[in-house]
Amino acid sequence: MRSILTIILNDLKIYSSQRGNLVGLLVIPVLLTVVIGWSLGRIGGGGPTRLRVDLIDLDGSDMSAQLIEELRAANDALVLCPPDNDADDYCRLEDEPLDMDRAIERARSGRTSALIAIPAGYAAALNDFQTVTIDYYSRSDPMQPGPVLQSLNAVLQRTSSASMTKGVSSALLDNLTNAVTLPALDGETRDSFLNTIYHRALQLSTYQPPAVLFRVVDANEDESGIDNGFNQSAPGMGSLYVMFTVLGGMAVLLRERRQWTLQRLMALPLSRAQILGAKIGVYFTLGMIQFFIVFAVGAAFGMDFGSSPPALLATMAAFVLCITALTFALAPWIKSEGQANGLVLLLSLSLAPLGGAWWPLEIVPEFMQTIGHLSPVAWAMDAFQDLIWYDGGFTEVIPEIAVLMAAAAVLFIIGIRSFKYD
Amino acid sequence: MQTMVEARNLRKTYKRADGSTIEAVKGVDLDILQGEIFSLLGPNGAGKTTTISMISGLVAPTEGDAEIGGYSITRQPMEAKRLMGFVPQEIALYPELSARQNLSFFGRMYGLGGKSLSRRVDELLEFVDLADRQSDRIDTFSGGMKRRVNLAAGLLNSPPLIYMDEPTVGIDPQSRRRILDTVKMLRDEQDMTVLYTTHLMEEAQELSNRVGIMDHGEIIAMGTQAELTQQVGEEDRLEIMTGAQNVGEALIGSMQQEIAGVTRVLFNPPEQIGDNGSESTPARLTVFAKRGRTALPQIIQTLDAAGIDIQSVEVREPDLEAVFLALTGRALRD
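Residues numbered from 1 in each chain as written. Chains lettered and ligands numbered in written order. Predicted model: local features only at pLDDT ≥ 70, side-chain atom pairs only at ≥ 80, totals over all residues. Heavy atoms only, no water.

**Thoughts on the overall build of chain B**
Then step 1. Regarding its fold elements, chain B presents 11 helices and 16 strands.
Then step 2. Burial analysis of chain B (334 residues in total) assigns 49% to the buried set.
Then step 3. Considering only contacts within chain B whose residues lie at least 6 apart along the sequence, 69% involve residues at least 24 apart.
Then step 4. About 14,600 Å² of surface is accessible on chain B, with carbon and sulfur atoms providing 45% of the total. (Helix = DSSP H or I, 4+ residues; strand = E, 2+ residues; numbered from the N terminus. Buried < 20%, exposed > 50% of the residue type's maximum accessible area, 1.4 Å probe, protein only. Contact = heavy atoms within 4.5 Å. Areas by Shrake-Rupley, 256 points an atom, 1.4 Å probe, with all protein chains shown as cover.)

So, in structure tokens, the structure goes:
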């Protein structure tokens, strides 16, 4: 064990003696994590995510206006176009009027998250306690309602409840006026009474906890929102740079063979298992150091680490082990340092975005999510999300850790069998 | 004397990319006695490094085994490796570390530590005369200095046996002399057993108690220098460099039959070298003759009469080069 530790420390000393390595380990990952963390924070954490939603109000009544107001209040991420368009033309209307055809085309092409169309006669139908249909257009899967549909459903649920209360009150009023001798109510008084009931019902249901809760902002509401960005950028950049650092070991192992330091170790009273264990230990340690550096940057900017540090540590370790195993599986086939460096770039820059290190996999099409899980990064990011975003525990990330460990085991078997000592 | 290294039927076969096999070492038997310098002499590609790699445990033999101080290198590698130091042909040092850091690291690998490690590193830096450069990175050293640190790294555990694989390759004559003197000092002053590989006949002649001549993966002759040169008899060897003319079989035959003392004549025609074969090596005629100096005038006369342009003549006493030539028909440098 002492020999293994001595080799690990010696290799780390050699690694840190090269300025280029320190730049790759410290400077670039830190800078990228900060830049991407801030960028994602501005998009995803500087306030609620803004969702462009076209709104066509064909009724133009007080009740439809109230529905729109309810919708706005339900989710302040929604930018209702055109009423909420800003000076920068966030709605991208380009000073053109928004009619139904154009709004449908915008929703179909994905330029807006959705189109909500309130039909003419909406208020009248509600007053007559009739069913009214609000049209909703979106490219999103109706089986997996997105934030717009969830918000709309929540508002409509409340509206329906208020309308129903109004209907029940109307019936009650009719019964009362028939059963008890009361002065007849004129139409205006009756309408005023029922509308008061409707508004009160709507108000009460609004103050009640909503049936559907949608939040984009981080729970830590008094922060500027940067946290969200680092919750994605730290694990993502950490995974990317773990690959750069650990896969870089392919070139080092080749160099060790060529400069015969590996052979000199072989001539020492050490077993092959000790030498191999030490070399694996070197790259595992470097990978973990890389993760700690990037996560330390996240911590400095208030990144959330979830509530299960052991599970987070286990996820990091499983991912680093998997990438270390990949390094040892590929190293024997490397013929030159140029080839090794090319492969490091190719693997890191393809597996990282494919696996969701640069952006959450949720935003890519489903087939890309499936393909993405060919990359170990996807499994690691899934686990990080469970732990950091959804405050999961060990149980939630066991499947991801198991997949990473299984991949590591297979790759280590290949790597150890074909490892070249001379 | 006790046997320090005993190798039996060492064989190494490699597989080529096309699936065929190549036998790099073909059943080598070897006995190296304690306190002697044993040289494996042979041209590049003869199998010397593969043999030394098998004996040092770097490469597993396809067949056979070697015992180091009674320990099998295949079955008891740890015990065997504790008895030996290894100086590979390459500079097997970390170029990013200083001489002292390199020696300290490899010393720790031998289980040294604390003051004993520091003392041993000091001794070795003094021994190879690099104490004043101990803190400099290896990649700032000259080739000769690197070789000396490489040698020191093989001596860290004060081994009774040391392997040196062509330790003078690519260095200046001064550094070479220093290394050769060091090797002799290790035997004479520290009673160390040395297995030395080289393709330079002069080194083998100067250093060795015994020599094994290797060619094409086999030891083709083994013994003391005297024993080996006896194999080619008392013949002198005349190396005659000639012009581009071809020395035909008829001329060779007549020299062998008509000149007194001449026993054998070998002719190496000129070889095209350089880019596009723009240059050529001189042709070389090797004549084995008893009392070579006596036969020389008649040899020159015969060649002159045949119109052969003689550029230089060298008369050499029987040596290992002659043994190799006699055994293989090729010069060591070929």
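Picking up after the structure, the text goes on.
**Observations regarding the sheet that holds strand β4 (residues 63–68) of chain B**
Residues and elements named next belong to chain B.
Then step 1. A sheet is described by the order of its strands in space; here 4 strands give the open sequence β2-β1-β4-β5, paired in antiparallel fashion. The open sheet has two edge strands, β2 (21–33) and β5 (71–72), and neither has a second partner.
Then step 2. Bridging between strand β1 (residues 3–15) and β2 involves 10 bridges; their strand directions are antiparallel. Each bridged residue has a counterpart across the sheet, and for V5 the counterpart in β2 is I32. (Pairing = 2+ DSSP bridges.)

**So, the side chain of E239 of chain B**
Residues and elements named next belong to chain B.
Then step 1. Structurally, the position occupied by E239 is in strand β11 (residues 236–242).
Then step 2. Using a relative accessible area of 5% as the deciding quantity, one classes E239 as buried.
Then step 3. Side-chain polar atoms of E239 contact the side chain of R237, separated by 2.5 Å. (Polar contact = N/O pair within 3.5 Å; in protein donor to acceptor, adjacent residues only side chain to side chain.)

**Some remarks on the interface of chain A and chain B**
Then step 1. Each partner contributes residues to the interface: chain A has 27 residues there, and chain B has 32 residues.
Then step 2. Summing both sides of the interface, chain A and chain B together bury roughly 2,600 Å²; the carbon and sulfur share of this comes to 63%.
Then step 3. Its largest share of buried area at the contact with chain B, chain A owes to W260, R264 and P269 of chain A, together 30% of the area lost on that side.
Then step 4. Viewed at the interface, chain B and chain A are joined by 0 salt bridges.
Then step 5. Counting across the interface, chain A meets chain B through 5 residue pairs in polar contact (both at pLDDT 80 or more).
Then step 6. At the level of secondary structure, the elements contributing two or more residues to the side of chain A that touches chain B comprise α1 (2–16), α9 (249–258) and α10 (261–266) of chain A. (Buried area = accessible area lost by both parts, 1.4 Å probe. Salt bridge = Lys/Arg side-chain N within 4 Å of Asp/Glu carboxyl O.)

Purely geometric stuff here, so don't read any function into it on its own.
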